[in-house]
Amino acid sequence: MTITIIGHGYVGIVAACVFADFGNTVYVIGHTPAKLEKLKNGDPLIYEPGLAEMLQKNTRAGRMIFTTEYDEALKESSIVFSCVGTPPTPGTGEADLSQVYTVAKQIGAHLDPSHFTVVSCKSTVPVGTNYEVKKIIEKELVARSDVMLSQTKHDASLVRQAQSDSWSHIFAVASCPEFLREGTGIHDTLNPDRTIIGSDSQKAIDILLELHKPLPGERVVTNIPSAELIKYASNSLLATKLSFANMISLFAEKVGADAPSVLRAVGLDNRIGTKNLDVSIGYGGACFPKDVQALTATGRSEGVDVSLLEAVEKVNVLVWKNYVAKVKRLVKVGGKLAVWGLAFKANTDDIRFAPAVKIVEQLAKDGYQIVTYDPAAMPNVKKQLGDLITYSEKQYEMIEGADALCILTEWNEFKQADLVKIKKILKNPLVIDGRNLYEVQKMKDLGFTYISTGRKG
Ligand code: UGA
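Residues numbered from 1 in each chain as written. Predicted model: local features only at pLDDT ≥ 70, side-chain atom pairs only at ≥ 80, totals over all residues. Heavy atoms only, no water.

Draft legend 1. Spotlight on the side chain of Thr372. Within the secondary structure layout, Thr372 lies in strand S10 (residues 369-373). Residue classification places Thr372 among the buried residues on the basis of a relative accessible area of 0%. Excluding residues within four positions of it along the chain, Thr372 makes contact with Val339, Leu342, Val360, Met378, Ile389, Thr390, Tyr391, Ser392 and Met398. (Helix = DSSP H or I, 4+ residues; strand = E, 2+ residues; numbered from the N terminus. Buried < 20%, exposed > 50% of the residue type's maximum accessible area, 1.4 Å probe, protein only. Contact = heavy atoms within 4.5 Å.)

Below you can see the structure in the form of structure tokens.
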């Protein structure tokens with residue numbers, strides 16, 4: 001099958017590589033030639049384990065074509081996935097759909113009427129967006145119909161029929177949301193729990209089922225609004241689970257309970273499950289914060305009581321602020337803090353809505369000297385925070401003389417760090433751990449004051 005992917009961020013480039021790896025021909029459309037050139041040369045532009053290898057393999061095999069030209073890609077493609085960004089609008093939290101609609105216009109302007117094309121938003125889009133995309137494409141097709149009729153290459157009767165049946169012989173929209181996590185994107189795309197396909201067109205459903213055939217997991221075929229809502233409901237429920245866990249963590253710190261074991265015991269009830277309950281400094285990234293905000297905003301505009309979602313977000317702020325308060329209780333203003341981890345989670349250089357970045361920014365503004373180490377995210381943080389904090393490539397040397405070691409991201413290389421060495425070089429043997437990487441008793445035995453999250457000690 002030949003498909004087109006518009007946008008080469010996390011969702012776009014991972015999907016493109018995986019579908020190419022199954023033997024499909026994949027056009028990737030972007031608007032910056034320099035970036036497309038890098039992709040062509042095997043640089044995925046984002047940090048994602050295993051992605052560069054997959055990109056290089058499939059580009060070499062001629063299965064991935066990078067272009068700025070819609071005509072070239074759409075002429076061949078049975079499916080067009082729109083994978084552009086839908087960032088939150090500052091102030092309202094609503095998803096900004098301008099990129100989605102610009103792409104829809106382009107699709108309408110370049111769709112090849114001589115064959116059927118499925119147009120599907122893979123990015124997370126609010127309920128109703130795919131229907132809006134359909135209207136935009138139809139409008140473009142109507143505007144083009146005279147030209148199409150005048151062109152001998154197009155069969156006039158086909159165009160006339162398409163006009164009379166709302167273009168359903170030429171294209172149909174479908175919602176086919178993505179569920180990959182950053183850092184494990186390829187694994188998640190290859191091993192989905194389920195594939196969601198929402199469309200009013202059986203032809204579109206059949207084509208999408210065919211494309212997803214090599215993937216395991218259940219198929220859920222439904223209508224478009226349900227498919228769109230499934231994505232928001234999934235991310236919002238996962239975020240709710242995290243805020244619930246973090247609220248229990250705040251509670252545990254007050255009463256001397258051990259939040260991780262409490263939550264594990266709670267999760268052993270099959271109806272709840274033990275996954276996605278690790279207490280932390282709050283959820284971040286490009287998805288949970290944005291999607292909770294967007295569902296809150298659209299729910300509100302539909303007259304739905306969204307107080308549950310509002311509380312989820314409120315707790316997510318409380319937890320990173322709780323971490324800042326802990327540091328302030330333990331270290332005098334002006335002290336030196338060595339910080340390990342800035343990315344919103346391990347295995348990514350992504351710092352969008354990263355609680356770690358909020359924490360270091362706040363502490364630096366409050367007068368602490370901050371020196372940071374992160375295996376991947378420092379260049380991105382530098383762009384955002386500049387000289388407000390300092391950056392070090394030396395994981396251990398940067399700790400020397402610090403009043404505390406603060407752990408904010410759960411990178412593997414921190415999990416079995418040389419604790420004896422850390423104890424020797426810290427000015428005070430104080431570790432404030434937002435990710436619970438170490439055993440409380442072991443840290444005590446080594447002589448640390450170990451302040452972790454939702455745990456006594
Ligand atoms: C999330 C969803 O998990 C994916 O299913 C979805 O496809 C994606 O959003 C998206 O909408 O594109 P992602 O944001 O990449 O994926 O990362 P997660 O692994 O879910 O982590 C999100 C945040 O929650 C991170 O800050 C992480 O540190 C935090 N988290 C996660 C915890 O604090 N505790 C946990 O137990 C799990």
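Draft legend 2. Spatial organisation of a nonpolar patch on the surface. Among the surface-exposed residues, Val262, Val266 and Ile272 lie close enough to one another that they form a single nonpolar patch of about 200 Å² accessible area. Summarising the element assignment, Val266 is placed in helix H11 (residues 259-267). Residue Val266 is classed as partly exposed on the basis of its relative accessible area, which comes to 35%. (Patch = residues over 30% accessible without salt bridge, like charges linked within 9 Å, V, L, I, M, F, W, Y side chains within 5 Å. Areas by Shrake-Rupley, 256 points an atom, 1.4 Å probe, with all protein chains shown as cover. Salt bridge = Lys/Arg side-chain N within 4 Å of Asp/Glu carboxyl O.)

Draft legend 3. Quick look at unusual backbone geometry. Positive phi values are uncommon outside glycine, yet Leu45 reaches one of about 70°. Inspection of the secondary structure puts Leu45 in the loop between helix H2 (33-40) and helix H3 (51-60).

Draft legend 4. A look at the site of the ligand. What surrounds the ligand is a group of 20 residues, the closest being Phe179, Leu180, Glu182, Lys231 and Asn235. One of the backbone nitrogen or oxygen atoms of Phe179 is found 2.8 Å away from an oxygen atom of the ligand. Contact between the ligand and Gly284: an oxygen atom at 2.9 Å from a main-chain N or O atom of the residue. A total of 710 Å² of accessible area belongs to the ligand in isolation, and the protein chains cover 91% of it. (Near = heavy atom within 4 Å. Polar contact = N/O pair within 3.5 Å; in protein donor to acceptor, adjacent residues only side chain to side chain.)

Draft legend 5. Highlighting the packing of helix H14 (residues 355-365) against helix H15 (residues 378-385). Packing of H14 against H15 leaves a shortest axis separation of 12 Å and a crossing angle of 45°. By the angle between their directions, the pair H14 and H15 is classed as oblique. Between H14 and H15 lies a crossing of right-handed hand. Here H14 contributes Val357, Val360 and Glu361 to the contact with H15, which in turn contributes Val381, Gln384 and Leu385. Tallied by class, residues from the contact of H14 with H15 come to four nonpolar, one polar and one charged. (Axes fitted to C-alpha atoms, helices over the stretch in contact; angles between N-to-C directions. Parallel < 35°, antiparallel > 145°, perpendicular 65-115°, else oblique. Left-handed = near helix turned anticlockwise from the far one by under 90°. Nonpolar A, V, L, I, M, F, W, Y, C, P; charged D, E, K, R; others polar.)

Draft legend 6. Layout of the pattern of salt bridges. Considering all chains together, one arrives at 18 salt bridges under this definition. Between Glu140 and Lys105 there is a salt bridge whose closest N-O contact spans 3.8 Å. Placement of Glu140 in helix H6 (residues 129-150) and of Lys105 in helix H5 (residues 98-110) is noted, with a sequence separation of 35 residues between them. Residue Lys105 is classed as partly exposed on the basis of its relative accessible area of 47%. The partner of Glu253 in a salt bridge is Lys326, with the nearest N and O atoms 2.8 Å apart.

Draft legend 7. Main features of the environment of Gly447. Its location among the elements puts Gly447 in the loop between helix H18 (440-445) and strand S14 (449-451). With a relative accessible area of 35%, Gly447 lands in the partly exposed category. Placed 410 residues apart in sequence, Gly447 and Glu37 show a C-alpha to C-alpha distance of 53 Å. Non-local contacts of Gly447, meaning those with residues more than four positions away in its chain, are made with Lys423 and Pro429.

Draft legend 8. Quick peek at the sheet that holds S10. The parallel open sheet is built from six strands, whose spatial order is S11-S10-S9-S12-S13-S14. The open sheet has two edge strands with one neighbour each: strand S11 (390-391) and S14. Where strand S9 (residues 336-340) meets strand S12 (residues 404-407), four bridges bridge the pair, whose relative direction is parallel. Across the sheet, residue Val339 finds its bridge partner in S12, namely Cys406. In the packing of H14 onto the sheet, contacts are made with S9 and S10, and the angle to S10 comes to roughly 155°. (Pairing = 2+ DSSP bridges.)

Draft legend 9. Just the packing of aromatic side chains, in detail. Inspection of the entire model under this criterion finds seven aromatic pairs. Seen in terms of ring centroids, Tyr373 and Phe414 are 6.2 Å apart; in terms of plane orientation they differ by 65°. Their pairing is edge-to-face. Pair noted here: Tyr373 is in strand S10 and Phe414 is in helix H16 (residues 412-415), with a separation of 41 residues, a long-range link. Residue Phe414 is classed as buried on the basis of its relative accessible area of 0%. On the basis of an interplanar angle of 50° and a centroid distance of 6.2 Å, the ring pair of Tyr438 and Tyr450 is categorised as tilted. (Phe/Tyr/Trp six-rings, centres within 6.5 Å; stacked < 30°, edge-to-face > 60°.)

Draft legend 10. Quick peek at empty space enclosed by the protein. Under the defined criterion, the tally for this structure stands at two cavities of 30 Å³ or more. Looking at the largest cavity, its volume works out to about 70 Å³. As for the largest cavity, its lining consists of Asn246, Ser249, Leu250, Glu253, Ser280, Ile281, Val319, Asn322, Tyr323, Lys326 and Thr453. Elements with a contribution of two residues or more to the lining of the largest cavity: helix H10 (224-255) and helix H13 (307-330). (1 Å grid on protein atoms, 1.4 Å probe; cavity = no way out; pocket = protein on both sides within 12 Å on 5 of 7 lines; lining within 4 Å. Points joined across faces, edges and corners; volume = space filled by probe spheres on them.)

Draft legend 11. Expanded view of the packing of H13 against H14. The interhelical angle for the contact between H13 and H14, taken along N-to-C directions, is 40°, at an axis separation of 10 Å. In terms of axis orientation, H13 runs oblique to H14. For the pair H13 and H14, the sense of crossing is right-handed. Judged by residue contacts, Trp320, Tyr323, Val324, Val327 and Lys328 of H13 engage Pro355, Lys358, Ile359, Gln362 and Leu363 from H14. When the residues that make up the contact of H13 with H14 are grouped by side-chain class, the tally is seven nonpolar, one polar and two charged.

Draft legend 12. Quick peek at the environment of Ala204. Here Ala204 is to be found in helix H9 (residues 202-211). A residue is classified by how much of its surface remains accessible, and Ala204, at 0% relative accessible area, is buried. Placed 17 residues apart in sequence, Ala204 and His187 show a C-alpha to C-alpha distance of 26 Å.

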